[in-house]
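Given next are the chains, with one letter for each unit.
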Amino acid sequence: MLSYGVLLKPRVLGCVFLLVSIASTFLPSIPSEAAAVDPSAATDFSVVLFSEPDQPIGGGAKRVWRTGAGQVEVFGSVAEGHLLLLASDNPSRDRLNLTFGTGTGAPLAPGHYDSGDDLEGTHPYIDISGPNGCGETTGSFDVHQVAADLSSLWISYEQSCQGGRSKVFGEVRVNVPQDPGAVVLSSRVDWPVKEVGRSGLTVPVEVVNTSGSAYSTGTPTIRGTDFSIVDNHCGRTLNPGEGCDVLVGFRPTAGGLREGVLRLVLDGRTRAVPLTGRGNDGDMRWQLGSEQGDEVGQGRAYRFGIADDVNAYRWDDIIEAQVGSDWYAQFQSPDGGRLLPGTYAGVGHTTNRPSGVAGLSVSSPYGQCLELTGSFTVHEATYDAGGSLTALRVTFDQTCQGAAGALRGEIAWRATTAEDPNYPVFPPGVRLVPARASYVYGQTMYLTAVTTDAIGQGITVSVIDGSGTPRIVRSGTVGDDGRFRTTIPATRDRQLVATVGDVTSTSVAVPVLSRVTQKVSGPYRREGSYLAIRSPHTHRVTVSGAPSAAYGCFVFERSNRTSTGWSRTGRSQCISSGTAARASYPLPRNLRPGARLRVRTAFLTYYGSPTSSNTTGWTYLHVVK
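A few points on the structure.

## Section: the sheet that holds strand S28 (residues 327-332)
- Taken together, 5 strands build an open sheet; the order of strands is S26-S27-S28-S31-S30 and the sheet is mixed. Two strands in the sheet have a free side with no partner beyond their single neighbour: strand S26 (310-315) and strand S30 (348-349).
- With 6 bridges joining them, S26 and strand S27 (residues 318-323) adopt antiparallel strand pairing. If you follow Trp315 over to S27, its bridge partner there is Ile318.

## A word on the packing of aromatic side chains
- Within the structure shown, the criterion is met by 19 aromatic pairs.
- Between the aromatic rings of Phe331 and Phe396, the centroid separation amounts to 6.2 Å while the plane-to-plane angle is 55°, which identifies the pairing as tilted. With Phe331 in strand S28 and Phe396 in strand S33 (residues 389-400), this residue pair connects regions lying 65 residues apart in the sequence.
- A relative accessible area of 0% means that Phe331 is categorised as buried.
- Pairwise contacts between aromatic rings join Trp286, Tyr302, Phe304, Trp327 and Tyr366 into one cluster.
- Just above the ring of Trp618 sits the side chain of Arg598; from NZ or CZ to the centre is 4.1 Å.

## Looking at unusual backbone geometry
- Cis peptide bonds are those with omega within 30 degrees of zero, and the linkage from Ser535 to Pro536 qualifies with 0°.
- The residue Pro536 is located in the loop between strand S47 (530-534) and strand S48 (540-546) in this model.
- Positive phi values are uncommon outside glycine, yet Asp267 reaches one of about 55°.
- Mapped onto the fold, Asp267 is located in the loop between strand S22 (256-266) and strand S23 (269-280).
- Phi is positive for Gln298, close to 60°, though the residue is something other than glycine.
- Within the secondary structure, Gln298 sits in the loop between strand S24 (283-290) and strand S25 (301-305).
- With a relative accessible area of 43%, Gln298 lands in the partly exposed category.

## Let's talk about the nonpolar core
- One finds Trp286, Trp327, Phe331, Phe376 and Phe396 to be the most contacted residues of the largest nonpolar core, which totals 35 residues.
- One finds Trp191, Val203, Leu262 and Leu275 within the second-largest nonpolar core, a separate group that totals 28 residues.

## Quick look at the pattern of salt bridges
- A complete count under the given rule lists 18 salt bridges for this structure.
- For Asp283, the salt bridge identified is with Arg285, shortest N-O distance 2.9 Å.
- The class for Asp283 is buried, based on a relative accessible area of 15%.
- Where Arg571 meets Glu557, a salt bridge forms, and the shortest distance between an N and an O atom there is 3.1 Å. Remark: Glu557 occurs in strand S49 (residues 552-562) and Arg571 occurs in strand S51 (residues 570-571); sequence separation between them is 14 residues.
- A single salt-bridge network, built from bridges that share partners, covers Glu195, Arg198, Asp309 and Arg414.

Calculation notes
- Residues numbered from 1 in each chain as written.
- Predicted model: local features only at pLDDT ≥ 70, side-chain atom pairs only at ≥ 80, totals over all residues.
- Heavy atoms only, no water.
- Pairing = 2+ DSSP bridges.
- Helix = DSSP H or I, 4+ residues; strand = E, 2+ residues; numbered from the N terminus.
- Phe/Tyr/Trp six-rings, centres within 6.5 Å; stacked < 30°, edge-to-face > 60°.
- Buried < 20%, exposed > 50% of the residue type's maximum accessible area, 1.4 Å probe, protein only.
- Lys NZ or Arg CZ within 6 Å of the ring centre and 35° of its normal.
- Core = buried A, V, L, I, M, F, W, Y, C linked by side-chain atoms within 4.5 Å.
- Salt bridge = Lys/Arg side-chain N within 4 Å of Asp/Glu carboxyl O.

This is the structure in structure tokens:
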């Protein structure tokens, strides 16, 4: 059901206000007078919202209200630029409020609108909320179609909370014609800006059979190198009321506007869904150098890039940058306004700075300053019409109170300006990480090279031999996640490095332990998983290591089978493996017939603390006459 009415003008001049709720009692004061349109003529509608992860409004999920799964009421005035949409009783019984405003009282007309920054009544305005909302909002919306009497409406939108860290986006359609028999709930998809090489939100484009009979859907295709079909649940016949969706991904390959088309095959006809998104190819990095005595950086150097989830956003007079959930940096304006380019000396901590003094705070998983001194220079800080941060480059110098050393660095997020040439050269942006601390001879050694700013570049992995010269053993290309994964056989202890361009990682030592095998000598026969040995008779357990278990020792272990299970394991003393990497020990000669026991051997190396170890499997023995 879709009906119409009028709405008293809200405080924001010239706004479009759409409310999706469980019941119309959410706004009990809405007048019941109808606008100049017959409500029964409006029978087709959909409200779609996509939410990025950690977004408080959508919670990272998709929300849909549509014909046959709810009702919609529209109120407002196109001439004065405001209206209200009420939708309720959708399958998940969610609620959504959408406000769009021209902001000046001008008529609502097709076009693009960027929301203003705390300029209520003079700039366009957007506010989307549900059970949860935003204290502050920025964003934009596009009016694609609107009738003067509100009999049809088509708006797409994008909004972020508190400075733009995560977004919601989607569209509202009322009486916009579609192909007969089925409705495509997203007639177009426009992704928020994403860094080049980083994937945006995967969006489900849903098709619903609104006819009274079976409806066929074919295999979808996509055009555009920046878009992909992640998964397809269509390509089958839909029963009346049944739906399917196509999951579409966006990963920009270059900066600027990116365009594509999703082609759906609906009952033998092709339906095109325009796809748009924007890529950002600005600089994305953290470069940090910590002196000895600095608690935050622990006297080390760090370099992070796009693969390490670098982000930045604005909160009122603070710009906050972060690396994942580990590193945080805050830079605060001294006057309560936007932080602008310039040098800020004599700063205080953002939580307790004196009035008129700029604020600074850089923290890590290792520590943070309660009091500090320092300075920072903003080389670049730009904002959109709504006040959200669009680019940042800043250098800083921070010393915790009482600390012997300082933390210095440069932070860039979507920056377009050149790197500061006055800052020192930072360490290699590549490190090599083995999947395990050690391997056993004959296993496969799994290695991952983690890089900074090297997506798509060539990379090599080398072993360092006795002469100290690296020898390349693997080569390839850094993936879109900033990582290169490879394997080498574990045949000996290795010193390994990874190299990208002229940058080489710190070497990593990966010990390879000997593969130890044992066998029982003397007369025996096999009984399933047991070896049947005779008593009285001399039997010995012999063990050897490959390729070499020299310079270590063997420990022999033994336990007996009892009525309640295996007894506590007894262990021999450490028996030297010698230069031959072999050893043996005798089993007791007069074992009781009928007894069951098991034996195994552990090899311990002499290097390292604690010692490395490798243990054979159990050999099960049954004593017979």
